[in-house]
Amino acid sequence: MELKQEMNINNEVLVEVKNLKKYFNLGNGRILKAVDNVSFNLKKGETLGLVGESGCGKTTCGRTILGAYDATGGEVLFQGKNIYTMDKKEKKDFRRDAQMIFQDPYASLDPRMTVGDIVAEGIDIHKAYTKSDRQNRIYELLQLVGLNKEHASRFPHEFSGGQRQRIGIARSLAINPRFIVCDEPISALDVSIQAQVVNLLINLQKELELTYLFIAHDLSMVRHISDRVGVMYLGCMVELADSNELYSNPQHPYTKALLSAIPVPNPKIERNKKRIELQGEVPSPINPKPGCRFKERCKYAKEVCGQVTPELKEISKNHFVSCHLY
Ligand code: SF4
């Protein structure tokens, strides 16, 4: 698969995430710190990949940015406005402008609804089109994602996983959003279908000038769609850089380990490649100990790593790392 071509990204910031925190109180003094002090921004027309193992907080981060969860601390600004303090009208506009594509194309589509009604969910909620325009809009959306008019009267069980994800994408586009959180949109699909869905998302982005937060645990596929990539570990952002820079020059010990596990399609290189084995288990995000969250598994850990939480620092242009080695 080809890498994403340089896109027309302007410097206008669409989404700003500032020191975002989302904690869940589990009772008995146990606090699950799913997202802890995460900051980044998204420029118009850009794709930021957000990667990390299961349980690192990336999905919670995406949902909190969309306002599906109230933040425990920090801010999310959409076009300069804090989404948590918006008035009713601003919130309504934000809900049109910001959408989500879900991970599981089987669970996210109501099996009792026709594809047309599923795609039109947002249109109906926001009363965005007249009755006749609604039908035309459904046909237009189905064609936009590589399906056709005849599919509108069918039900989700009549479609393959890849086609269902196309239906989910059509639904997210129904009311002309500007920002989409793609929550692991390809991880439930066969590898052969994943590339098709990624290519569709890239083409839609160009055509509709969309901005994506693309959440995934598969680092190899994220590279194809992302302009920049952020790596999360146990609720914290540990590295953030332009995509090419991150893949060719990773700095954080965790990013290096993740990248070393990606198979290379050349058998000779793959045979000689040194894989970095992570030591120990992923610690619990409940009541995390002070200092760097990665210290239990890091072979470079020193005394300070157990005492002081490293800040995300810019170590070279647009390359940020949170580690006491830098
Ligand atoms: Fe390792 Fe310390 Fe860096 Fe954390 S801060 S990644 S423990 S060296």
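Analysis parameters
- Residues numbered from 1 in each chain as written.
- Predicted model: local features only at pLDDT ≥ 70, side-chain atom pairs only at ≥ 80, totals over all residues.
- Heavy atoms only, no water.
- Pairing = 2+ DSSP bridges.
- Helix = DSSP H or I, 4+ residues; strand = E, 2+ residues; numbered from the N terminus.
- Contact = heavy atoms within 4.5 Å.
- Axes fitted to C-alpha atoms, helices over the stretch in contact; angles between N-to-C directions.
- Expected span 1.5 Å × (residues − 1).
- Buried < 20%, exposed > 50% of the residue type's maximum accessible area, 1.4 Å probe, protein only.
- Near = heavy atom within 4 Å.
- Nonpolar A, V, L, I, M, F, W, Y, C, P; charged D, E, K, R; others polar.
- Phe/Tyr/Trp six-rings, centres within 6.5 Å; stacked < 30°, edge-to-face > 60°.
- Lys NZ or Arg CZ within 6 Å of the ring centre and 35° of its normal.
- Polar contact = N/O pair within 3.5 Å; in protein donor to acceptor, adjacent residues only side chain to side chain.
- Disulfide = S-S within 2.5 Å.

Caption draft 1: Quick look at the sheet that holds strand β4 (residues 73-78). The sheet built from four strands is open, its strands ordered β2-β1-β4-β5 with antiparallel pairing. Strand pairing shows two members of the sheet lacking a second neighbour, β2 (30-43) and β5 (81-82), which therefore form its edges. Bridge count between β4 and β5: two bridges; the pairing is antiparallel. Counterpart to Leu-77 in the pairing with β5 is Asn-82. Packing of helix α1 (residues 58-65) onto the sheet brings it into contact with β1 (13-27), β2 and β4, and relative to β1 it is tilted by some 115°.

Caption draft 2: Broad picture of helix α6 (residues 161-173). The end-to-end C-alpha distance of α6, which contains 13 residues, comes to 19 Å, matching closely the 18 Å that a straight helix rising 1.5 Å per residue would cover. Of all 13 residues in α6, twelve are buried, a share of seventy percent or more. When α6 is considered as a whole, its buried residues turn out to be Gly-161, Gly-162, Arg-164, Gln-165, Arg-166, Ile-167, Gly-168, Ile-169, Ala-170, Arg-171, Ser-172 and Leu-173. Its buried side turned inward, α6 meets β6 (98-101), α3 (115-119), α4 (121-126), α5 (131-144), β7 (179-183) and α7 (191-208).

Caption draft 3: Here's a closer look at the side chain of Thr-60. Turning to its location among the elements, Thr-60 is positioned in helix α1. In this structure Thr-60 comes out as buried when scored by relative accessible area, which is 16%. Among residues more than four places away in sequence, those in contact with Thr-60 are Lys-22, Phe-24, Ala-34, Val-35 and Tyr-69.

Caption draft 4: Spotlight on the site of the ligand. Neighbouring residues of the ligand: 13 residues in total, closest Cys-292, Cys-298, Cys-305, Cys-323 and His-324. Here the shell around the ligand is composed, by residue class, of ten nonpolar, two polar and one charged.

Caption draft 5: Region of interest: unusual backbone geometry. Not every positive phi belongs to a glycine, and Lys-127 is a case in point at roughly 45°. Here Lys-127 lies in the loop between α4 and α5. For Asn-318, which is not glycine, the phi torsion reads 65° and is therefore positive. Its location among the elements puts Asn-318 in the loop between β11 (313-316) and β12 (319-321). Among the residues examined, Asn-318 registers a relative accessible area of 34% and is labelled partly exposed.

Caption draft 6: Region of interest: the packing of aromatic side chains. Counted by the stated rule, this structure contains six aromatic pairs. Summarising the aromatic geometry, the rings of Phe-78 and Phe-179 are spaced 6.5 Å apart at their centres and angled 35° between planes, so their arrangement reads as tilted. Here Phe-78 is found in strand β4, whereas its partner Phe-179 is found in strand β7, with 101 residues between them in sequence. Site record: aromatic cluster; members linked through ring pairs are Phe-78, Phe-94 and Phe-179. Note that Lys-22 overlies the ring of Phe-24, its terminal NZ or CZ placed 5.0 Å from the centroid.

Caption draft 7: Seen up close, the side chain of Ser-172. Along the chain, Ser-172 falls in helix α6. Within the structure, Ser-172 has its side chain in polar contact with the backbone oxygen of Ile-169 (distance 2.7 Å). The residues touching Ser-172, leaving out its near neighbours within four places in the chain, are Gln-99, Met-100, Ile-101, Pro-177 and Ile-180.

Caption draft 8: Structural view of the sheet that holds β6. The mixed open sheet is built from eight strands, whose spatial order is β6-β7-β8-β3-β9-β10-β12-β11. Each edge of the sheet is formed by a strand with only one pairing partner; in this case those strands are β6 and β11. Each strand axis lies, on average, 25° off the axis of its neighbour in the sheet, ignoring direction. Note: strand β10 (residues 236-242) against β12, two bridges, orientation antiparallel. Residue pairing for β12: Glu-239 is matched across the bridge by Val-321. Strands β6 and β7 of the sheet are contacted by α6, whose axis makes an angle of about 175° with β6.

Caption draft 9: Spatial organisation of the pairing of strand β3 (residues 47-51). Of all five residues in β3, five are buried; the element is thus mostly enclosed. Alternating residues of β3 divide into Thr-47, Gly-49 and Val-51 and Leu-48 and Leu-50, and every residue in both groups is buried. Bridge count between β3 and strand β9 (residues 228-233): four bridges; the pairing is parallel. Across the sheet, residue Val-51 finds its bridge partner in β9, namely Val-231.

Caption draft 10: Layout of the state of the cysteines. Counted under the stated rule, the structure contains zero disulfides. Looking at the unpaired Cys-61, the closest cysteine sulfur is the one in Cys-56, lying at 9.0 Å. In this structure Cys-61 comes out as buried when scored by relative accessible area, which is 0%. Here Cys-236 is not cross-linked by a disulfide; its sulfur's nearest cysteine counterpart is in Cys-292, at 8.1 Å.

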